[in-house]
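An overview of the molecular structure
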Amino acid sequence: MAKEIKIDAITDMETDFAQWYTDVVKKAELIDYSSVRGCMILRPYGYAIWELIQKELDSKFKQTGHQNVYMPMFIPESLLQKEKDHVEGFAPECAVVTIGGQEQLTERLIVRPTSETLFCDHYANIIESYRDLPKLYNQWCSVVRWEKTTRPFLRTLEFLWQEGHTAHATAEDAEEETIKMLNIYADFFENVLAIPVIKGKKTEREKFSGAMATYAIESMMHDGKALQGGTSHNFGDGFAKAFGIQYTDKNNKLEYVHQTSWGVSTRMIGGIIMVHGDNNGLCLPPNIAPIQLIIIPVAMHKEGVLEKARNIKEQLSSIARVEIDETDKTPGWKYSEAEMKGIPLRLEIGPRDIENNQCVLVRRDTREKYIVSLSNLENEVSGLLIKIQKDLYDKAKKHLDENIVTAKNMEELENIFSVKNVFVKAMYCGDEACEIEIKEKIAVTSRCMPFEFEEISTKCVCCGKEAKNMVVWGKSY
RNA sequence: CUGGGUGUGGCGUAGUUUGGUAGCGCGCUUGCUUCGGGAGUAAGAGGUCGCAAGUUCAAAUCUUGUCACCCAGACCA
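Figured I'd write up the structure that's included with this text. In this text, all values refer to a predicted model and were calculated from it rather than measured experimentally. (Residues numbered from 1 in each chain as written. Chains lettered and ligands numbered in written order. Predicted model: local features only at pLDDT ≥ 70, side-chain atom pairs only at ≥ 80, totals over all residues. Heavy atoms only, no water.)

1. Focus: the protein's contact with RNA strand B
Heads up, the rule is: What makes a residue near a molecule or strand is one non-hydrogen atom of that residue sitting within 4 Å of it. Any pair of nitrogen or oxygen atoms within 3.5 Å is treated as a polar contact; in protein, a donor-acceptor pairing is required on top of that, and neighbouring residues in sequence qualify only through side-chain atoms on both sides. Numbered from the N terminus, helices here are DSSP runs of H or I no shorter than four residues, and strands are runs of E no shorter than two. When residues are sorted by character, Ala, Val, Leu, Ile, Met, Phe, Trp, Tyr, Cys and Pro go into the nonpolar class, Asp, Glu, Lys and Arg into the charged class, and all the rest, Gly among them, into the polar class.
Neighbouring RNA strand B are 50 residues; Q228, H301, W333, R346 and D353 lie closest to it. If you look at RNA strand B and keep only atoms within 4 Å of the protein, 39% of those are sugar or phosphate atoms. The contact in question runs from a base nitrogen of RNA strand B to an N or O atom on the backbone of T156, over 2.9 Å. Elements that contribute at least two residues to the surface near RNA strand B include exactly α1 (17-27), α10 (331-340), β17 (345-349) and α11 (351-355). It is α10 that contributes the most residues to the surface near RNA strand B, eight residues altogether. Residues that form the surface near RNA strand B fall into these classes: 16 nonpolar, 14 polar and 20 charged.

2. Side note on α10
Using the following cut-off: Only protein chains enter the accessibility calculation, which uses a 1.4 Å probe. A residue is then buried if its area is under 20% of the maximum for its type, exposed if over 50%, and partly exposed in between. Note on contacts: a residue pair qualifies if any of its non-hydrogen atoms lie within 4.5 Å across the two residues.
Regarding α10, the residues found buried are K334, Y335, S336, A338, E339 and M340. Packing partners of the buried residues in α10 comprise α1, β15 (293-297) and β17. Just beyond α10, the residue with positive phi is G342, at close to 75°.

3. Examining unusual backbone geometry
Note the cis peptide between L133 and P134, where omega equals -5°. Residue placement: P134 occurs in the loop between α5 (116-126) and β7 (135-144). In the Ramachandran plot, E29 falls in the positive-phi region, its phi being about 60° despite a non-glycine side chain. Mapping E29 onto the fold places it in the loop between α1 and β1 (31-33). For E29, a relative accessible area of 29% gives the class partly exposed. At A299, a position not held by glycine, the phi torsion is positive, near 55°.

4. What about the pattern of salt bridges?
What counts, and what does not: By definition, a salt bridge exists where a carboxyl oxygen of Asp or Glu is found within 4 Å of a side-chain nitrogen of Lys or Arg.
As enumerated under the stated definition, the model contains 25 salt bridges in all. One salt bridge in this structure joins E218 and K202, with 2.8 Å as the shortest N-O distance. Remark: K202 occurs in the loop between β9 (198-201) and β10 (213-220) and E218 occurs in strand β10; sequence separation between them is 16 residues. Relative accessible area serves as the criterion here: at 4%, K202 is assigned to the buried category. The partner of R363 in a salt bridge is D365, with the nearest N and O atoms 2.6 Å apart. Overall, D365 belongs to the buried group, its relative accessible area being 18%.

5. Re the sheet that holds strand β6 (residues 103-111)
Quick reminder of the rule: Here the rule is simple: two strands pair whenever DSSP picks up at least two bridges between them. For helices, the fitted axis covers only the stretch in contact; all axes are lines through C-alpha atoms, and the angles between them, taken along N-to-C directions, range from 0 to 180 degrees.
With antiparallel pairing, the three strands of this open sheet are ordered in space as β4-β6-β5. If you trace the sheet from one side to the other, it starts and ends with β4 (74-76) and β5 (95-100), each paired once. Adjacent strand axes in the sheet meet at a mean angle of 45°, parallel and antiparallel pairs treated alike. Across three bridges, β4 lies against β6 in antiparallel orientation.

These results come straight from atomic positions and should not be treated as a statement about function.
Written out as structure tokens, the structure reads:
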């Protein structure tokens, strides 16, 4: 069993979770701070994770018939103002361009905080007939929101994301699309990121500006706080009416389209860190790890060691993403480095191993060591990668399950959150006043109304009136 | 935006109360010895003390302003 060593550069998560997070983000070389307030530099290792996320999701989008497009990054102010709720929701956090070249612009340009209005404007131009529907578009881009305070990945002024925007003939089609995309996100979180999620609908108060209904997946971080992973909105025909997106149906009748939008962002990477990471640093699920196995040659100046390491890389390259650390650091240094970067498997190979036709495999998540014959390496490696992926999910699921409790009244709710951050299931009458009261008194918000309904009681946790919705409450990032 | 904290070589810091011209650890460079959990040794390089004004013979230190980052709130993917 591996000896415990202390990596002094990373603050213990029990001591200061926020500081731990910042340390991991920096020490794992995911990002660097930039000279612009609230903006981060995604370094190669951090960007590689994003590229894998893109690759996985993009293929899912393509499989379900979506096409990628690219919209401009500027939105004329008048366009943003067409949908009332939407502009009210986003106006306070917009960056605005007022000068182009040396000239004052006649109309101000908003740097996109999201692109609904641009898609709508375009859809109004290209949709005429039921034959033009559905339109299933997606774009990968960055958006800008002038946030008050920022944290790497979780909240930055500019962030990378994908936004799907679709237009459908009927309300049913739009609702089906909304749920379909939510499920794609949920599967991605659980199977690729190894993050268990709660799927549900947002309350009126928490839904997207301009949406008829917002659905979301919520996940629990190691400190018990919630992170909204992905959202999927059903716009109904609200935007269509504001932008005049109409088509002629089979009966020669003019109808409004029904729209959806859905997105996930680099915030997910923050989720990966806070769900799987530990006091030794990042811990990546194999399915999203840019390097799945790192080979560390021991005594690599000795005859044959480096050659053997390179042979092994070749041998394993078809079943895993493999790198060798050939730097002239000492092995102990390399072990720690590999752990901070969360590389799922480490392979140690030295003169003694070569004599015995073996090597040492070490799991990042449990730090268990295995002595493995080189003749059976492929099987061992692929088996372990699968097992690590599964174990990380199971561990996160256990943490989630153990930290969901129920409350029947305000006193219970208050007592629970006075001890620690968890998810609390409680009934909700639907009146926004109750949601506001809970937020003011306990500083928690409604995360979602889960699809998996449980009748905790028949009365609202806040006002005690008749209640039929169950809400998951929690403190959110 | 509100409240608290911090800015000194790449990183972490001492020095600030009581002004006197910047010290330490890590890292970096080169050589030699090392290499199975953050190696040893020798020699070296690297700092307009966040930025800008001001006070002073003299400012990292005092004054004012400003910027950035961190933490806790309010807002959000």
